[in-house]
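A closer look at the structure
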Amino acid sequence: MPADRRTRILIVGGGFGGVYAAMELERLLRKDPDVEVGLISNENYLVFQPLLPEVISGSIGILDTISPIRRLCPNTDLYCREVESIDLTTRTVTASSGFRPRPYKLECDHLVLALGTLTSFVNQPGLEEHALPFKSLGDGLALRNHIIHALEEADIETDAEMRRALLTFVVAGGGFSGVEAVAELNDFVRKVARSFRRIERGEIRVVLLHAGPLILPELPADLAGFAQRLLQRRGVEIRLNTRLAGATGETALLSGGERIPTRTLVSTVPAAPHPLVSALPCRKEKGRIVVDSFLEVPDFPGVWAVGDCAWILDSKSGKPCPPTAQHAIREARCLAGNLVAGLKGRPKRAFTFQALGKLAALGHHSAVAEVLGIKLSGFVAWLLWRTIYLMKMPGFDRKVRVAVAWFMDLLLPPDIVQLKTGNSPGFGREHFEAHEIIFRQGDRGDRLYIIVDGEVDVVREAASSVEEVLARLVSGECFGEMALVSDSPRMATARSATAVNLLTVDRDGFNALFSHYPPLRRFFQQVINDRLRPEGPAKAHPAANAGRDHPSS
Ligand SMILES: Cc1cc2nc3c(=O)[nH]c(=O)nc-3n(C[C@H](O)[C@H](O)[C@H](O)COP(=O)(O)OP(=O)(O)OC[C@H]3O[C@@H](n4cnc5c(N)ncnc54)[C@H](O)[C@@H]3O)c2cc1C
């Protein structure tokens, strides 16, 4: 590191691991002028996932489960971007572009990886298309909206079979998140059914699929048994030793071949390694980054990892740490302590943590808990569950909001508003007045443009700052495909010659079409070949209309 530069620490990921590492670094460094801490995450808030199931029933507000990272770590530079690649050797992170499609690179002296895991439905036919994941705040909100939509449809549906499918809700996964999700879902649909004039509570079917012989395998068998019986009493049909094998738009396919007609299938099956983590050249165990007892990545000096993405062996028990928020928080604190110890030349501390307990909420003011070896169930466990999570909720304002929401929930009926939020992902419309820059040479290729009306100039900027107009494109032509196909920066600048309306397809949408629809792939390849030909496009080819002899992107 050059002597004139401050030590840069960059944390990748704004979940429990990342945010608590930043908070602890701030505490330990006390605005040390020689060190700067940055955190890059695709969201500017921390999701308090243990409360996510409550978003389904709306017993707390959607925004109550999250805390703004800027408030939790006021002295940390927050970069709210999607990370696209990580170079461990140079400790460089490349992030997506923002309003300006410029590639964004961050270099640092210490890189902390806290990317968590992702939901993956790979090798499970139909789940990507038809199952609802349950991990992020967006998933919770989408699920709640979907459930209300199903109830709205069931209320006016006259076909008996369709109605049955609409009123059948299937949750796969009998671990903590699956059980808490099914408990909230079951409470919610049965409670709100009375607001729908044609839905009888008895028509509602809620099914929990679990691969093992008893739900909540992380808990002692007597507590898990209590939870199982309680859910069954409340009408949840629990299918043990049964896996979800796949899905269609109308059915959940079970491992034994049985099909359950449903329009709501939620999958909380274990998450898969983050693709960015899978791509790293370091050692991994079960897809997680192997770290030493101080939480550093061996062979990559200055690289650290915590939370669900890291494979951490407890230094006392020698056992791998489970992927829980409890552990991620302790790991983050230990990592921050070791990082600062390294900077100040002090000894580091090996990570060890004995979980304090396990809690699962079962809806209806009941829960099961094992805390410091003491087993609790029912209302007392629920009260303890709420108290603990309220205390753990980061930020005073969020504690107050959650406490008020819980109190109001005791008095008021659940909300049944269905929020309609989405635009169609991938496609957009843009308007430019004459002589505005659409994208610049050197920008990152982030979308394809189709001219609806108006005209666009494609110009190349030379080093002498003299520009060469390569082509004028008109309505019906497209541009911007070359940088997407070759994954390289824009080779020219696009500027509106007149007022112009454009249809855009983003990178993911374009890549999906390009890779899965061969005629389209052939079409664009031909367009690109034509554009790169010095003598111009072949007249006979259908791409001739869309191409000119210029690199349009
Ligand atoms: C529904 C549910 C309930 C849970 N309940 C409990 C519980 O009661 N108790 C408990 O201890 N644990 C619970 N957990 C587990 C706990 O939430 C996780 O163990 C914990 O969140 C792990 O923290 P992390 O920082 O490693 O990962 P995460 O919290 O997943 O954070 C990863 C971060 O990386 C960011 N990120 C990912 N990809 C990119 C990218 N390409 N670019 C930029 N940023 C990116 C994400 O936005 C996120 O901010 C629950 C989990 C779920 C899903």
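Preceding block: the structure.
Residues numbered from 1 in each chain as written. Predicted model: local features only at pLDDT ≥ 70, side-chain atom pairs only at ≥ 80, totals over all residues. Heavy atoms only, no water.

Examining the overall build of the protein
On a plain count of helices and strands, the protein comes out with 15 helices and 34 strands. Relative to a compact globule of 553 residues, whose C-alpha radius of gyration would be 24 Å, the protein shows 27 Å and is just as compact. The proportion of buried residues among the 553 residues of the protein is 49%. In the protein, of all internal contacts separated by at least 6 residues, the share reaching a separation of at least 24 is 67%. Once the 66 positive and 64 negative side-chain charges of the protein are each reduced to a mean point, those two points are 5 Å apart. (Helix = DSSP H or I, 4+ residues; strand = E, 2+ residues; numbered from the N terminus. Rg over C-alpha atoms; globule rule 2.2 N^0.38 Å. Buried < 20%, exposed > 50% of the residue type's maximum accessible area, 1.4 Å probe, protein only. Contact = heavy atoms within 4.5 Å. Lys, Arg positive; Asp, Glu negative; His and termini not counted. Charge placed at Lys NZ, Arg CZ, Asp CG, Glu CD.)

Topic: a nonpolar patch on the surface
Where nonpolar side chains cluster on the molecular surface, the patch consists of F396, V400, V404, F407, M408, L410, L411 and L412 and spans about 810 Å² of accessible area. Relative to the assigned elements, V400 resides in helix α12 (residues 396-411). (Patch = residues over 30% accessible without salt bridge, like charges linked within 9 Å, V, L, I, M, F, W, Y side chains within 5 Å. Areas by Shrake-Rupley, 256 points an atom, 1.4 Å probe, with all protein chains shown as cover. Salt bridge = Lys/Arg side-chain N within 4 Å of Asp/Glu carboxyl O.)

Quick word on the pairing of strand β15 (residues 244-247)
Direction of pairing for β15 relative to strand β16 (residues 251-254): antiparallel, over a ladder of 3 bridges. The residue of β16 that forms the bridge with L244 is L254. (Pairing = 2+ DSSP bridges.)

Section: the sheet that holds strand β14 (residues 236-239)
If you walk across this open sheet you meet the 5 strands as β11-β18-β12-β13-β14, and the pairing is parallel. Looking at strand neighbours, the two that pair on one side only are β11 (132-133) and β14, the edges of this open sheet. Note: strand β13 (residues 205-209) against β14, 4 bridges, orientation parallel. Of the residues in β14, the one forming a bridge with V206 is V236. Packed on one face of the sheet, helix α5 (residues 137-156) meets β11, β12 (168-172) and β18 (264-267) and runs near 160° to β18. In the packing of helix α7 (residues 176-192) onto the sheet, contacts are made with β12, β13, β14 and β18, and the angle to β13 comes to roughly 175°. (Axes fitted to C-alpha atoms, helices over the stretch in contact; angles between N-to-C directions.)

Here we look at the pattern of salt bridges
Inspection of the entire model under this criterion finds 25 salt bridges. E258 is paired through a salt bridge with R239; the nearest N and O atoms lie 2.3 Å apart. In this pair, E258 is assigned in the loop between β16 and β17 (259-261) and R239 in strand β14, connecting sequence segments 19 residues apart. R398 serves as the salt-bridge partner of D397, at 3.4 Å between the closest nitrogen and oxygen. Judged by relative accessible area, D397 falls into the partly exposed class, the value being 30%. For R398, a relative accessible area of 9% corresponds to the buried category. The network of salt bridges with shared partners includes R205, E237, R239 and E258.

Comments concerning the site of the ligand
For the ligand, the set of nearby residues contains 29 residues, the closest of which are G17, N42, Q49, H274 and D308. Between the ligand and S41 there is a distance of 3.4 Å, counted from an oxygen atom to a side-chain nitrogen or oxygen. Within the contact set of the ligand, an oxygen atom lies 2.5 Å away from a side-chain nitrogen or oxygen of N42. About the coverage of the ligand: the protein hides 89% of its 1000 Å² of free accessible area. Breaking the shell around the ligand down by element, the ones donating at least two residues are α1 (16-29) and α10 (325-344). Tallying contributions element by element places α10 first for the shell around the ligand, with 3 residues. (Near = heavy atom within 4 Å. Polar contact = N/O pair within 3.5 Å; in protein donor to acceptor, adjacent residues only side chain to side chain.)

Brief notes about the environment of R102
Topologically, R102 is positioned in the loop between β7 (92-95) and β8 (104-107). In this structure R102 comes out as partly exposed when scored by relative accessible area, which is 34%. Taking C-alpha positions, R102 is 43 Å from V404, a pair spaced 302 residues apart along the chain. Discounting residues that sit within four places of it in the chain, R102 has contacts with S97, R440, Q441, G442, D443 and R444.

Observations concerning the pairing of β7
Residues T92 and T94 line one face of β7 and the alternating positions V93 and A95 line the opposite face, and both faces are buried. Bridge count for strand β6 (residues 83-87) against β7 is 4 bridges, and the pairing is antiparallel. Among the inter-strand pairings, D87 is bridged to a residue of β7, identified as T92. Linking β6 back to β7 in an antiparallel pair, the connection comprises 4 residues, with R91 at a positive phi of about 50°. Pairing of β7 with β8, which is carried by 4 bridges, proceeds in the antiparallel orientation. Opposite V93, over in β8, you have L106 as the bridge partner.

Considerations on the layout of surface pockets
Where empty space is left in the structure can be found by rolling a water-sized probe over the atoms. If you add up the space inside the second largest pocket, you get close to 650 Å³. In this structure, the second largest pocket is lined by 17 residues; those nearest its centre are S97, D446, R447, D506 and R507. If you list the elements that add at least two residues to the lining of the second largest pocket, you get β27 (427-432), β28 (437-439), β29 (447-453) and α14 (507-516). The residue inventory of the lining of the second largest pocket, partitioned by class, reads 7 nonpolar, 2 polar and 8 charged. (1 Å grid on protein atoms, 1.4 Å probe; cavity = no way out; pocket = protein on both sides within 12 Å on 5 of 7 lines; lining within 4 Å. Points joined across faces, edges and corners; volume = space filled by probe spheres on them. Nonpolar A, V, L, I, M, F, W, Y, C, P; charged D, E, K, R; others polar.)

Quick notes on α7
With 17 residues, α7 should reach 24 Å at 1.5 Å per residue; the first-to-last C-alpha distance of 24 Å fits that figure. Most of α7 sits inside the fold, with 14 of its 17 residues counted as buried. (Expected span 1.5 Å × (residues − 1).)

Structural notes on the side chain of S96
Relative to the elements of secondary structure, S96 occurs in the loop between β7 and β8. Here S96 falls in the buried class, since its relative accessible area comes to 12%. Once residues within four sequence positions are removed from consideration, S96 is found in contact with R81, E82, E84 and Y104.

Here we look at the packing of α1 against α10
Each pair of packed helices gets described by two things: the angle between the helix axes and the distance between those axes. It is at 8 Å that the axes of α1 and α10 come closest, and there the two elements cross at 35°. The element α1 and its partner α10 pack so that their crossing is right-handed. Of the residues in α10, those in contact with F16, G17, Y20, A21, E24, L25, L28 and L29 of α1 are A325, A328, I329, A332, R333, A336, G337 and V340. Its residues assigned to classes, the contact of α1 with α10 comprises 12 nonpolar, 2 polar and 2 charged. (Left-handed = near helix turned anticlockwise from the far one by under 90°.)

Details of the sheet that holds strand β1 (residues 7-12)
To summarise the sheet geometry, strands pair through backbone hydrogen bonds and adopt either a parallel or an antiparallel arrangement. Strand order in this open sheet of 5 strands is β5-β2-β1-β9-β22, and the pairing throughout is parallel. Each having just a single partner strand, β5 (77-80) and β22 (303-305) make up the two edges of the open sheet. Averaged over all neighbouring strand pairs, the angle between strand axes comes to 20°, with direction disregarded. As judged from the 6 bridges shared by β1 and strand β2 (residues 35-41), these two strands associate in the parallel manner. Counterpart to L10 in the pairing with β2 is G38.

By themselves, these are just geometric observations and shouldn't be taken as functional.
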